[in-house]
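Remarks on the overall topology
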Amino acid sequence: MSLRQIWIVDFGSQYTQLITRKSRELGFSSEIITVKKARELFESGKKPKALVLSGGPQSVFEDKNDYSFVFDNTDLPILGVCYGMQLMGKYFGGVVEKGTIGEYGHAKIHTTNKFQMNNVPDEVNVWMSHSDHISELPKDFTLVMESHNSLVAAIKHNTRPIFGLQFHPEVEHSEHGKDILNYFFEDIAGLEQDWSASEMLDEAKELVRGVEKSKVLCAFSGGVDSLVAAQLSHEVIGDNLYCFFVDHGLLRPQDYGHIETLRRETDLNIEIVTVKDDFLSKLEGVDDPEKKRKIIGNTFIEVFEKKVHEYEENHGIKFDYLLQGTLYPDVIESISPHEEDGQSVTIKSHHNVGGLPERMKLKLLEPLRYLFKDEVRAIGEKLGLKHHWVHRHPFPGPGIGIRVLGEVTDERIRKVQESDQILFEELTESNLYSSTWQALTVLLPVKTVGVKGDARAYEEVICLRMVNSSDGMTATWTDMPHEFLSKVSSRITNEVAGVTRVVYDITSKPPGTIEWE
């Protein structure tokens, strides 16, 4: 990836990705780098057009690093957010104190000293998450915003292009957050917009150019990421791309129809590999979610490994690359902010065929690795793919295997498939499909008493889950019309044999994850 004009130095904040997203939404290219990477780049003579120092869980009293390599660049526009502002204040001689009251969540702040920003009122509600704070401003800085309890909320250097914010403008909870970021990017840093669907598509294709004569294997799911990755790669390498869609028996009815549509209406070479028995036999008796994910992931690798050998032996085709729809959040989450290449804590394994390249000596091709989900959708439409194809709801690689809680059996898969199809039909019929980011049904490992046909029933429970999100990193539950929920519930309990009760999950992420397993 060519270096962006904005570098965001990550100090470990849970919100760092949002700074990148918001800057790109404003039309400015940006990337997240570690402290170590930033130091190396500066020492090699490379500099961004603007630098952002993110928030972080540390205290500046624990950070013994020397940041003169950043702050000694007198003409470099610098934005410090939360922890980043405290580092700035400490470096330039201000006083940072350990907090006694702290500020967490919503806070009301107002401008001071006649400070103004375009489209930002004098008083706004913002999102705070800190205890340490600047109690005495550094020399040559002016207080430009303060909170309702008289704590420093924003500072600005009198002569240099340096701006500090104690709050988080990047989160949705902060009113006029994008306007405040835009003030820094345009008014202080003087940046010009350089990020659009055209630039994204050109750069993604550039990552594919150079392998035109190689044979490329695509692990194709038909979802947004693999479809866009395949389509843009096909435009570069043509018939040297081979897409394999694995039917592991853990799919929804809508998925089969979608794949057949893509085979008819695109130029992609898509082969369906039916291996349902291979997966279900290995999942027999397994109820631990992490073990299920590992089994499904490993079986995918075995299936592709067999397919690679088959093409080499029967068709004389030797694959050189594995095409994957890896996105930027996956790349970021694999790197620790303080020690490059360190692994982050595993909440749950992300499904891919990542073990295949090592075993088959395949090189990875990841043209979407610097893009977020909404950006992938944008370039999908730029490629001419149909709107409803690139705006399909996400569906996990392990499929229904992680929507059946507990052991996976044919009968339990059926209950999820049928209930999910009802939910899909009703969302479509009610024109509500696009009103939620992801919709799914989950079979719970409990039975409840019910009444069917004047007789006692003791059957299982289906949970409806619908959430709104932009990238899956955070999510809020979707407040669907009660009439809609009532109709879906009625249809499921009447049409899906073995289900007596339907519940609706109203948990946001965090604390819950979107999928139940």
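Residues numbered from 1 in each chain as written. Predicted model: local features only at pLDDT ≥ 70, side-chain atom pairs only at ≥ 80, totals over all residues. Heavy atoms only, no water.

**A word on the overall build of the chain**
Keep this limit in mind: A helix here means a DSSP run of H or I that spans at least four residues, while a strand means a run of E at least two residues long, and both kinds are numbered starting from the N terminus. Just to be clear, the radius of gyration here is over C-alpha atoms, and the globule rule we use is 2.2 Å times residues to the power 0.38. Contacts are assigned to residue pairs that have any heavy atoms within 4.5 Å of one another. Shrake-Rupley sampling with a 1.4 Å probe provides the accessible areas, and residues are treated as covered by the protein chains on show and by no other component. We treat Lys and Arg as the positive residues and Asp and Glu as the negative residues; His and chain ends play no part in the count. Lys charges are placed at NZ, Arg charges at CZ, Asp charges at CG and Glu charges at CD.
Within the chain one finds 16 helices and 20 strands. Computed over C-alpha atoms, the radius of gyration of the chain comes to 26 Å, within 12% of the 24 Å expected from 2.2 N^0.38 for 517 residues, which places it in the range of a compact globule. In the chain, the proportion of contacts linking residues at least 24 apart, taken out of those at least 6 apart, comes to 76%. Accessible area for the chain stands at about 22,700 Å²; split by element, carbon and sulfur atoms hold 47% of it. A gap of 2 Å separates the mean positions of the 57 positive and 80 negative side-chain charges of the chain.

**Side note on the packing of aromatic side chains**
Each aromatic ring pair is specified by the distance between its two centres and by the angle formed by the two planes. Going by this rule: For this analysis, a ring pair means two rings from Phe, Tyr or Trp (six-membered ring only for Trp) whose centres lie within 6.5 Å, classed as stacked if their planes differ by under 30 degrees, edge-to-face if by over 60, and tilted for the remaining angles. Exposed residues in this analysis have more than 50% of their type's maximum accessible area, buried residues have under 20%, and partly exposed residues fall in between, with area computed by a 1.4 Å probe over protein chains only.
The final tally for this structure, using the stated rule, is 25 aromatic pairs. Taken together, a centroid distance of 5.4 Å and an interplanar angle of 70° make the contact between Phe71 and Phe92 edge-to-face. Separated by 21 residues along the polypeptide, Phe71 in helix H3 (residues 68-71) and Phe92 in the loop between helix H4 (83-91) and strand S5 (95-97) bring together distant segments of the chain. This pair shows no difference in class: Phe71 is buried, exactly as Phe92 is. When the centroid spacing of 5.8 Å and the interplanar angle of 75° are considered together, the rings of Tyr242 and Tyr311 count as edge-to-face.

**Some points on empty space enclosed by the protein**
What counts, and what does not: The pocket and cavity definitions rest on a 1 Å grid over protein atoms only: a 1.4 Å probe that fits but cannot leave marks a cavity, an open set with protein on both sides within 12 Å along at least five of seven lines marks a pocket, and residues lining either have an atom within 4 Å of a point. Grid points are joined across faces, edges and corners, and a volume is the space filled by probe spheres set on the points. Asp, Glu, Lys and Arg are counted as charged, while Ala, Val, Leu, Ile, Met, Phe, Trp, Tyr, Cys and Pro are counted as nonpolar; the rest, among them Gly, fall into the polar class.
Considering all chains together, one arrives at 1 cavity of 30 Å³ or more under this definition. Empty space within the largest cavity amounts to approximately 60 Å³. Lining the largest cavity are Arg252, Gln254, His393, Asp420, Leu423, Phe424, Leu427, Tyr433 and Ala439. Of all the elements, helix H15 (residues 410-429) adds the most residues to the lining of the largest cavity, at 4 residues. When grouped by side-chain class, the residues that make up the lining of the largest cavity number 5 nonpolar, 2 polar and 2 charged.

**Examining the packing of H15 against helix H16 (residues 482-495)**
Helix packing for two helices is described by the angle between their axes and how far apart those axes are. Selection rule: Axis angles are defined between N-to-C directions and span 0 to 180 degrees, where every axis is a line fitted to C-alpha atoms and, for a helix, only to the segment in contact. In this scheme the crossing of two helices becomes right-handed for a clockwise turn of the near helix relative to the far one and left-handed for an anticlockwise turn of less than a right angle.
The N-to-C vectors of H15 and H16 enclose an angle of 145°; their axes lie 10 Å apart at closest approach. In terms of crossing hand, the pair formed by H15 and H16 is right-handed. Note on element contacts: H16 touches H15 through Phe484, Lys487, Val488, Arg491, Ile492 and Glu495, opposite Glu418, Ser419, Ile422, Leu423, Glu425, Glu426 and Leu427. Of the residues contributing to the contact of H15 with H16, the split by class is 6 nonpolar, 1 polar and 6 charged.

**Quick look at unusual backbone geometry**
Across the chain, the bulk of peptide bonds are trans and the bulk of non-glycine residues have phi less than zero. Looking along the chain, the bond that leaves Lys509 and enters Pro510 is cis, with omega of -10°. Tracing the chain through its elements places Pro510 in the segment after strand S20 (499-504). Here the residue pair Pro510 and Pro511 is connected by a cis peptide bond, since its omega of 10° sits within 30 degrees of zero. Its place among the elements puts Pro511 in the segment after S20. If you check the backbone angles, Cys82 has positive phi at about 55° while not being a glycine. Along the chain, the position of Cys82 falls in the loop between strand S4 (78-81) and H4.

**Comments concerning the environment of Gly472**
Examined against the element boundaries, Gly472 turns out to sit in the loop between strand S18 (455-468) and strand S19 (476-477). Under the relative-accessibility criterion, Gly472 is labelled buried at 12%. When the C-alpha atoms of Gly472 and Ser68 are compared, they prove to be 36 Å apart, with 404 residues separating the residues in sequence.

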